[in-house]
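Listed below, chain by chain, are the residues.
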Amino acid sequence: MAATAHVEAHDHDHHEEHHHHKETFITKYIFSQDHKMIAKQYLITGMVMGVIGMVMSVLFRLQLAWPEEGFPILEALLGKWAPDGVMDPNIYLALVTIHGTIMVFFVLTAGLSGTFSNLLIPLQIGARDMASGFLNMLSYWIFFLSSVVMVASLFVESGPAAAGWTVYPPLSALPQAVPGSGLGMTLWLVSMTLFIASSLLGSLNYIVTVLNLRTKGMTMTRLPLTIWAFLVTAILGVLSFPVLLSAALLLLFDRSMGTSFYLSDILVAGELLENSGGSPILFQHLFWFLGHPEVYIILLPALGITSEIISTNSRKPIFGYRAMIGSILGIAFLSFIVWGHHMFVTGMNPFLGSVFTFTTLLIAIPSAVKAFNYITTLWKGNIRFTPAMLFSIGLVSTFISGGLTGIILGDSALDINVHDTYFVVAHFHIVMGLSAIFGMFAGIYHWFPKMYGKRMNKTLGYVHFWLTFITAYGVFFPMHFLGLAGLPRRYYTNTAFPMFDNLTDINLFISIFAIVGAIAQGIFLFNFFYSLFRGRKTEQNPWKSNTLEWTTPVEHMHGNWPGAIPEVHRWPYDYSKPGKDGKGYAIPGQDFVPQTVPLLDNEEATEH
Amino acid sequence: MSIAIIALVAFLGIVALVQVVKVFEVSSDINKGKENDVTDKDNRTQGALMLAFMVLFLGGFIWMMLEWGDVLLPKAASIEGEKTDTLMWISMGLIGFVFFVTQPILFYFSWKYRGSKNRQATYYAHNNRLEALWTIVPALALATLIIYGLTTWIDIMNPEHDEEPLVVELYARQFDWHARVAGADNKLGYANVRFVEGANVLGVDPSDEKGKDDIVVRELYLPVNRPVLFKFRAQDVIHSAYMPHFRAQMNCVPGAITQFSFTPTITTEEMRQRPEVMETVSEIDGIRKGMGEEGYEFDYVLLCNKICGAAHYNMQMRIVVVTEEEYQQWLKEQKTFAESM
């Protein structure tokens, strides 16, 4: 299959070369169909959304550390929602809701997977572009529209959606219950519908591209782990996002057409509703059928990126390449049969709870395999601490820390007491939030030269990493204690319960780390834009890497390679491969053998 | 105005930073534009920082445990809660062990194998034995946890009580709780939001005989050592009845009745006498006095633990666990549903 695809792609090149039509500003930078430009568009949009989401978190951390105190910045940013600078409880809920939505979907799904799937799939498999450049462009622009609608929802009279990022009905269905469930919620649903459409277009494209457009010699077991991760992520997205769409549509019907999918026996704000027979739990099943795979849609690309970066910078093959692929597949499969662990205390049949506990704890096995394989890759390596490598090691650390507490939460008996407390907040921020954002930072530092032809400043990268790593743990580690003290999440203030008064200093501690951590991201933004405009030009293969993207010229061009597409002769992880006599390197003086190099006389053919 | 000043300061700050970085890069021109390549010196520094971080991280964790260990919930006040607590500490012990083994290895390896021009990494692509090892060992550990966890879960969710449990309904609405004790017949009368009217806030069917002796209260008394079967209802949105001291939680779902059962084992009075509780209470008391708030006395509480709207953070009910005699006394003082209508 790959061979025929190669031939066709080859025909296509010639075709392409003869039709070099002049590109205008609009076709090059705005409605571009080039995967590299689309990747950059995703990245910049994701970063803008990321800054919005992060600023929101700082605002509600202010409220949590200094409850009901006035801050001029709150009044400046929130206006009527913060009279005299004191945050209103409704806007507090709206902030946590939109923070969650933006971070989960807009930053860590579209910003992470959208950026790197687009950038790396064609470059690393040896393709001229995505299978359909047009669909790819459409995918980005629908995502952009979805972002615009989400941001616009912040400005409506009754406030943005405020029912939590999981938007459980009836709270999300009834404007009488919370003002954010008015127009704000409608816009949320519209935005998510667009988002899902965009995600599907993107994912289908990624799948088709990986399966059909691999260059000659690029068998599935020679794919870099990044590509495996993106492929499986895309499959997860295709299978689960439509279910979220159905959940959202039914909610839309309940909200505006008087149906009762999720509503029954409701008396709200003195008004008895006519709805009867619906079940709010149905929504949760539908939501989490996407929601749990979504966690891995976020995480797998980060793990793929990390595999690549750790191997490159340890100057060693990734340990257990096939086991890594197996664990990606295992995690992906299991992710579809664990959604009920979000619902242990919904009144769901306890027997179902047992089944979900069983399947959930099984996920720890492939996850453990991954963690140990990363650590073994470092063992006896020759580690080069680029900022990308630091973030990758950080990811392994947070993946372990956060994964371990998952064993507590996945256990239905233990979940009873920590469900919806800060223990959960700690767990998912560390395992999913931090790991994924570290993966994203790692990816940006590592592939910035590929994206922009420039190098990012190393020293600023170091400072950014250490500040981020320390403050991130400083924010989320103490939350385990809050959770075990019985503190529920999504509380506007904890002052209503005297039993939580001794938690004030922990909350203060967290908020200070959060503020410092947020400021530290300024260093990254500065480094990014400074390097973008004034950074040093990069050489073609700055990290001495094996994968195909580093065989393309620094200056971007349509079709990626000026001549024929390179042929692949080996897997991507031949770092520090010894010569035949076991001494030195297979290529004397060079500790890496790019994928394009045929089997050398001075090396053993290795089965990996 | 102040915003304009902040914006100006931020702008000037960025301009200054640009200049600093530029000077830095120009001054290192002797490196021929390679100042962003990682040197052996960088590897040494970053490797050392990895090790330093490991100390800070693990030390910080231990510091938190010592410093904040006392904020954790006191001893579980129910039979079921004791079971989950045991399971909790066993699981915590296990994950704590794995944490304290894997994290140091990660940071130690990062430091130990920091790069240098003179070293050659070991080409080591896979080892089936090792991989089998770290598939099978976690699988065995998890199998144990799963079996233990599920036994506990089934025990709690399908209780078999020797004596008939006391039936109590918890009713949630924005933003308060009501409890309905099943009364002399220990059976709750049928209820639905469609019957809510005037003083009948829980919507108890006035024509249902079983409901006439029900007792609706805003503060719940429970007898110690007697199993209680809670039935949960909600009127408007999903709430969650969370009773942390009993390690009990169940969502309250509009249109459905959910249930959860536990047996309280420690009266409120006994709990107040426990040394660790007294210590926490006096600490909280001190904090509150400093803020000019009234003093704190330990009480069991029911809180809402599912986002339910603006006052979600303040939806509470006091629960008082008393001796059987005190409970009977309290019951006598309450009006039945029929009496209060």
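Values in this document were obtained by computation on a predicted structure and should not be read as measured data.

Cut-offs applied
- Residues numbered from 1 in each chain as written.
- Chains lettered and ligands numbered in written order.
- Predicted model: local features only at pLDDT ≥ 70, side-chain atom pairs only at ≥ 80, totals over all residues.
- Buried ≥ 20, exposed ≤ 12 C-beta atoms within 10 Å, placed from the backbone.
- Helix = DSSP H or I, 4+ residues; strand = E, 2+ residues; numbered from the N terminus.
- Pairing = 2+ DSSP bridges.
- Axes fitted to C-alpha atoms, helices over the stretch in contact; angles between N-to-C directions.
- Parallel < 35°, antiparallel > 145°, perpendicular 65-115°, else oblique.
- Contact = placed C-beta atoms within 7 Å.
- Nonpolar A, V, L, I, M, F, W, Y, C, P; charged D, E, K, R; others polar.
- pLDDT = per-residue confidence, 0-100.

> Go over the pairing of strand β7 (residues 248-252) of chain B with me, naming the residues and quoting the values.
All names here are of chain B. Buried residues dominate β7, accounting for 5 of its 5 residues. Covered by surrounding structure in β7 are Ala248, Met250 and Cys252 together with Gln249 and Asn251, the residues of both alternating faces. Between strand β6 (residues 239-243) and β7, which pair antiparallel one after the other, the connecting turn spans 4 residues, and arginine 247 there sits at a positive phi close to 55°.

> Just give me the short version of the pairing of strand β1 (residues 166-173) of chain B, but keep the residues and values in it.
All names here are of chain B. In terms of burial, β1 is a largely internal element, 7 of the 8 residues being buried. Bridge analysis of β1 against strand β5 (residues 228-234) gives 7 bridges, and the strand direction is parallel. Each residue of the ladder has a partner; that of valine 168, found in β5, is phenylalanine 230. One ladder, built from 6 bridges, connects β1 with strand β2 (residues 176-181); its direction is antiparallel. Note that in β2 the partner of leucine 170 across the bridge is alanine 179. Turn length for the β1-β2 hairpin, with the two strands adjacent in sequence and antiparallel, is 2 residues.

> Provide a residue-level description of the packing of helix α15 (residues 422-452) of chain A against helix α16 (residues 458-476) of chain A, including the pertinent values.
Each pair of packed helices can be described by the angle between their axes along with the distance between the axes. Residue and element names in this part refer to chain A. At a minimum axis separation of 11 Å, α15 and α16 run at an interaxial angle of 175°. Judged on the interaxial angle alone, α16 and α15 are roughly antiparallel. Residues Ala426, His429, Ile430, Leu434 and Tyr445 of α15 touch α16, and the partners they reach there are Gly461, Ala472 and Phe476. Residues of the contact of α15 with α16, tallied by class, amount to 6 nonpolar, 2 polar and no charged.

> Could you give me a rundown of the confidence of the model for chain B, with the residues and numbers involved?
Looking at chain B, pLDDT values average 92 and 96% of them are 70 or higher. Model confidence for the complex: the whole-complex pTM is 0.94, and ipTM, which rates the interface, is 0.93.

> I'd love a proper account of the environment of glycine 517 of chain A, names of residues and values included.
All names here are of chain A. Here glycine 517 is to be found in helix α18 (residues 504-534). Overall, glycine 517 belongs to the buried group, with 22 C-beta atoms counted inside 10 Å. A C-alpha to C-alpha distance of 9.8 Å links glycine 517 and methionine 54, two positions 463 residues apart in sequence. Leaving out residues up to four positions away in the same chain, glycine 517 has contacts with Leu467, Thr468, Thr471, Ala472 and Val475.

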